[in-house]
Amino acid sequence: MPHSFGVRARTRHMFSKKHRQHGPINLSQYLMKVKVGDYVDIFADPSIHKGMPHKGYHGRTGIIFNVTKSAVGVRVNKLVNGRILEKRVHVRIEHVRKSKCQKEILQRKVDNEKAKDEARKTGVKINLKRTPKLPKDAYYVASPGGVDVTTIQPLPFSDLV
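Reading the values: the criteria
- Residues numbered from 1 in each chain as written.
- Predicted model: local features only at pLDDT ≥ 70, side-chain atom pairs only at ≥ 80, totals over all residues.
- Heavy atoms only, no water.
- 1 Å grid on protein atoms, 1.4 Å probe; cavity = no way out; pocket = protein on both sides within 12 Å on 5 of 7 lines; lining within 4 Å.
- Points joined across faces, edges and corners; volume = space filled by probe spheres on them.
- Nonpolar A, V, L, I, M, F, W, Y, C, P; charged D, E, K, R; others polar.
- Phe/Tyr/Trp six-rings, centres within 6.5 Å; stacked < 30°, edge-to-face > 60°.
- Lys NZ or Arg CZ within 6 Å of the ring centre and 35° of its normal.
- Helix = DSSP H or I, 4+ residues; strand = E, 2+ residues; numbered from the N terminus.
- Buried < 20%, exposed > 50% of the residue type's maximum accessible area, 1.4 Å probe, protein only.
- Contact = heavy atoms within 4.5 Å.
- Patch = residues over 30% accessible without salt bridge, like charges linked within 9 Å, V, L, I, M, F, W, Y side chains within 5 Å.
- Areas by Shrake-Rupley, 256 points an atom, 1.4 Å probe, with all protein chains shown as cover.
- Salt bridge = Lys/Arg side-chain N within 4 Å of Asp/Glu carboxyl O.
- Pairing = 2+ DSSP bridges.
- Axes fitted to C-alpha atoms, helices over the stretch in contact; angles between N-to-C directions.

Quick notes on the layout of surface pockets
- Here the largest pocket defines a volume of roughly 490 Å³.
- Looking at the lining of the largest pocket, its residues break down into 7 nonpolar, 7 polar and 6 charged.

Rendered as structure tokens:
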């Protein structure tokens, strides 16, 4: 059982860099364009200690509510005693990544608009709803070599006593 309850307790792997990923971070991380309302993932960079989020927020996705010169404010949901609270956390820009959680939704929105425009031009009614993957169609398996298939059955049991 652990005996330390510090801020970075039990973060041995969480706050460590991957193999061959050590060293200073890219300049593009500092120049990342973010604005209020963007979805971001909080990933603490262990090489920068300033503005590092608490381990409880590592890996969480949130929405930016404030942008300062070197940090961003992020709204994150946190489970506290069985209820979900919205927490507001300020994190330096080094510990934040753009989230890809909205990528599929936005792409589907663009595709649907194109499909709607096409449907208006042709006058065909289309269904834009997503459908789950359906089961495969049934088919018959052809016998190998074109020979007839013979079924083998066991002999019925007979007691010879």
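Observations regarding the packing of aromatic side chains
- Taken as a whole and judged by the stated rule, the model has 0 aromatic pairs.
- Sitting over the face of the ring of phenylalanine 65, arginine 88 holds its NZ or CZ atom 4.3 Å from the ring centroid.
- Between the NZ or CZ atom of arginine 97 and the centre of the ring of phenylalanine 43, over which it lies, the distance is 4.0 Å.

Points about the side chain of aspartate 45
- Locating aspartate 45 in the fold gives a position in the loop between strand S1 (39–42) and strand S2 (61–67).
- When its relative accessible area of 10% is taken as the criterion, aspartate 45 is described as buried.
- Ignoring sequence-local partners within four residues, the contact set of aspartate 45 consists of Lys17, Ile25, Met52, Glu94 and His95.

A look at unusual backbone geometry
- With a phi close to 65°, arginine 20 is a non-glycine residue in the positive phi region.
- Following the sequence through the fold, arginine 20 ends up in the segment before helix H1 (27–30).
- At asparagine 81, a residue that is not glycine, the phi angle is positive and equals roughly 50°.
- Looking at the element boundaries, asparagine 81 is found in the loop between strand S3 (71–80) and strand S4 (83–92).
- You can call asparagine 81 exposed: its relative accessible area is 73%.

Thoughts on a nonpolar patch on the surface
- A cluster of nonpolar side chains, contributed by Leu27, Tyr30 and Leu31, occupies part of the molecular surface with about 350 Å² of accessible area.
- Checked against the element boundaries, tyrosine 30 lands in helix H1.
- A relative accessible area of 40% means that tyrosine 30 is categorised as partly exposed.

Focus on the environment of tyrosine 30
- Taking the C-alpha atoms as reference points, tyrosine 30 and isoleucine 93, 63 residues apart in sequence, are found 6.5 Å from one another.
- If we skip the residues at most four places from it in the chain, tyrosine 30 touches Ile25, Ile48, Ile93 and Glu94.

Notes on the pattern of salt bridges
- Tallied over the entire structure, the rule returns 8 salt bridges.
- Arginine 92 is the salt-bridge partner of glutamate 94, the closest N and O atoms lying 3.3 Å from each other.
- On the basis of relative accessibility, which here comes to 6%, the residue glutamate 94 falls in the buried class.
- Given the relative accessible area of 24%, arginine 92 is considered partly exposed.
- Note that arginine 120 is salt-bridged to aspartate 117, the shortest N-O span being 2.9 Å. A residue pair is termed a helical-turn pair when its members lie 3 or 4 positions apart in one helix, as arginine 120 and aspartate 117 do in helix H2 (residues 103–122) at 3 residues.
- The class for aspartate 117 is partly exposed, based on a relative accessible area of 40%.

Points about the sheet that holds strand S5 (residues 96–98)
- Spatially, S4-S3-S2-S1-S5 is the arrangement adopted by the 5 strands of the open sheet, whose pairing is antiparallel. Since the sheet does not close on itself, it has two edges, and those belong to S4 and S5, each with one partner. Recorded for the sheet is a direction-independent mean angle of 45° between the axes of neighbouring strands.
- Where S1 lies against S2, 3 bridges are found, and the strand directions are antiparallel. Bridge pairing in S2 places aspartate 41 opposite threonine 61.

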